[in-house]
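If you want the building blocks of each chain, they are given just below.
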Amino acid sequence: MAMALSSLQVLLFSLLLAASAMAFPAQQPAMGRVRWQVDRINRRGPSLGLVMSYVDEDTALQTSGYFTPWRVLPFVDLYGRRFHIGSIRGVNVICALTGQRRLNAAVTVQTLIDVFSVSGIVHYGTAGSSNDSMSFGDVSVPKLVAYTGAWTWKKFKSPKESSTELSFGEYNTPNGGENLLGSLKFRNEELYSVGKPMEEVFWLPVDSAWFKIAEQLKVKLERCNDTFCLPTTPQVVYGLKGASADMFLDNAEYRKFLFREFQVSTVDEESAAVVMTTTSPGVPVIVFRGVSDLAGGEPTWSSTSLMNLASINALKVAVEFIATVGKQKSTISVQRSNN
C-alpha cells in the first residue's frame, strides 16, 4: 500500500512538472539563463554604464579599440537590447545602445540601474549646435540639461504669462503679428526622487563631483575623419546647457529661440532622459555630446560628413573620464585597505 501511494505521488508530481513546462515552454529556461548571466556579471563588482543612442555612436566604440570584451561573458541580451560586458582602460563597463529619443534612453538606463551593479552612467553621443560660438567637432560637457519638448498649447490671443513662451505670430513674414496657432508655454518635468516628495523641475544637473573631474581632463580631439578635415582643432567646452526633445531639430529660428531664451548650446533627443532617470535614485551621471551639425541653417558641412567625427571626439572624452574615475576609485580602495 505504501508503495502504491508513493508511485501515485510520483505520478502526480510528474504531471505537475509537465503542466508547468507546457504553461511556460521557453520563457522559464531563457529567463533562468539570463538571471544566471546577470549574477555572474555582477559578481565582477560594480561597473560604469556607458550608453549611446545612434548606431554611428556605437560603431565608434566598437571600432575604437578602447573596449575590451569580457572573455567569460562578452554580452547579455535583455528585453530586446544587447548589453556588452567588458572594460575600458581597466575599468569595468557595461555598454548599451539605447536607441533614439526619450523613451528608449530611459528604458535602457533604468534597466542598467535595476538589473546590474552599476556605480554610475556615462552618456556620450552627437548633438546639434544652437550656439554660434561652438564649432563642428567640439564636445560639450553640459552642467544642466532640460527637456524642451513638453508644452502647453495656448489659445489664440491668450495673455502672455512668461518671457519664455514661443509665440508663432512673431514669425509671420514679412512682419510679425498675431497667428491662429497661438503660442507654446514650456512645461516643467515631474521628478520623483528617493526619499523626497515629487517636485517640478525644468533644469536637471549632472553629478557635480563628476563634472569637476571632467573639467580636469586633458583630451586632444580629432580634426579629421576618413573623408573630411575641419579647418581648426575642436575643443572640449564645459558648463554649457543642453536641451532634449523627441524631434530632430533642423530649424534655424527655433534653435536661435532656444539659445536666446534658455541659453541652450546643444540639442539632442536623449540627454535629459538619461539624466532624469539617474537623478531619481541618486546615481551619478555625466554627458558628453559632440557637435555634428548646426540645428538648422547649416552653411557648408552636412551632418552626414561630421557624424562620425563628432562621435569619435565625444567617445574620446568619455574614455578619458572613465579612466580617471576608475583610477580614483582604485586609489581610494587601496587607501582604505591600508587603513
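As a starting point, this report considers the structure included with it. (Residues numbered from 1 in each chain as written. Predicted model: local features only at pLDDT ≥ 70, side-chain atom pairs only at ≥ 80, totals over all residues. Heavy atoms only, no water.)

Another point: the state of the cysteines. One pass over the structure, following the stated rule, counts 1 disulfide. Paired by a disulfide, Cys224 and Cys229 hold their sulfur atoms 1.9 Å apart. Disulfide Cys224 to Cys229: torsion about the S-S bond roughly 115°, handedness right-handed. Residue classification places Cys229 among the partly exposed positions, given a relative accessible area of 41%. (Disulfide = S-S within 2.5 Å. Buried < 20%, exposed > 50% of the residue type's maximum accessible area, 1.4 Å probe, protein only.)

A few words on the environment of Ala272. Examined against the element boundaries, Ala272 turns out to sit in helix 7 (residues 271-279). The exposure class assigned to Ala272 is buried, which follows from its relative accessible area of 3%. Separated by 126 residues in the primary sequence, Ala272 and Ala146 place their C-alpha atoms 5.6 Å from one another. (Helix = DSSP H or I, 4+ residues; strand = E, 2+ residues; numbered from the N terminus.)

Within the secondary structure, Leu112 sits in helix 4 (residues 101-115). Note: C-alpha distance between Leu112 and Ser47 (65 residues apart in sequence) is 9.9 Å. Residues in contact with Leu112, not counting those within four places in the same chain, are Gly49, Val51, Phe83, Ile94, Val118 and Ile121. (Contact = heavy atoms within 4.5 Å.)

What follows concerns helix 6 (residues 252-262). Along helix 6, the positions that sit buried rather than exposed are Tyr254, Arg255, Phe257, Leu258 and Phe262. Considered in projection along helix 6, the buried side chains sweep an arc of 155° and stay on one side of the axis. Between the side-chain oxygen at the start of helix 6 and the backbone nitrogen of Glu253 there is a gap of 3.2 Å, and the oxygen is on Asn251. Downstream of helix 6 by a residue or two, Gln263 has a phi angle that is positive, lying close to 55°. (Arc of directions from axis to C-beta. Polar contact = N/O pair within 3.5 Å; in protein donor to acceptor, adjacent residues only side chain to side chain.)

Owing to its 3.6 residues per turn, the α-helix aligns residues three or four sequence positions apart on the same side. For helix 7, the buried fraction is high: 8 of the 9 residues fall into the buried class. Taken residue by residue, helix 7 has Ser271, Ala272, Ala273, Val274, Val275, Met276, Thr277 and Thr278 as its buried positions.

It is worth spelling out the pairing of strand 17 (residues 264-268) at this point. Taking burial as the measure, the 5 residues of strand 17 include 5 buried ones, the bulk of the element. In terms of strand pairing, strand 6 (residues 118-129) meets strand 17 through 2 bridges, oriented antiparallel. The partner of Ser129 across the bridge, within strand 17, is Thr266. Alignment of strand 16 (residues 241-244) against strand 17, held across 4 bridges, turns out to be parallel. Bridge pairing in strand 17 links Lys241 to Val264. (Pairing = 2+ DSSP bridges.)

Read across the open sheet, the 3 strands follow the order 9-11-10; overall the sheet is antiparallel. Edge strands, defined here as strands with exactly one partner in the open sheet, are strand 9 (151-154) and strand 10 (166-167). Here strand 10 pairs with strand 11 (residues 183-186) via 2 bridges, running antiparallel. Within strand 11, the residue paired with Leu166 across the bridge is Leu184. Sitting on the sheet, helix 6 is in contact with strand 9, strand 10 and strand 11, with an inclination near 45° to strand 11. (Axes fitted to C-alpha atoms, helices over the stretch in contact; angles between N-to-C directions.)

This part takes up the environment of Lys143. Within the fold, Lys143 resides in the loop between strand 7 (139-141) and strand 8 (144-147). Along the primary structure Lys143 and Val287 are separated by 144 residues, whereas in three dimensions their C-alpha atoms are 8.6 Å apart. Residues in contact with Lys143, not counting those within four places in the same chain, are Leu204, Pro205, Val206, Phe211, Gly239 and Leu240.

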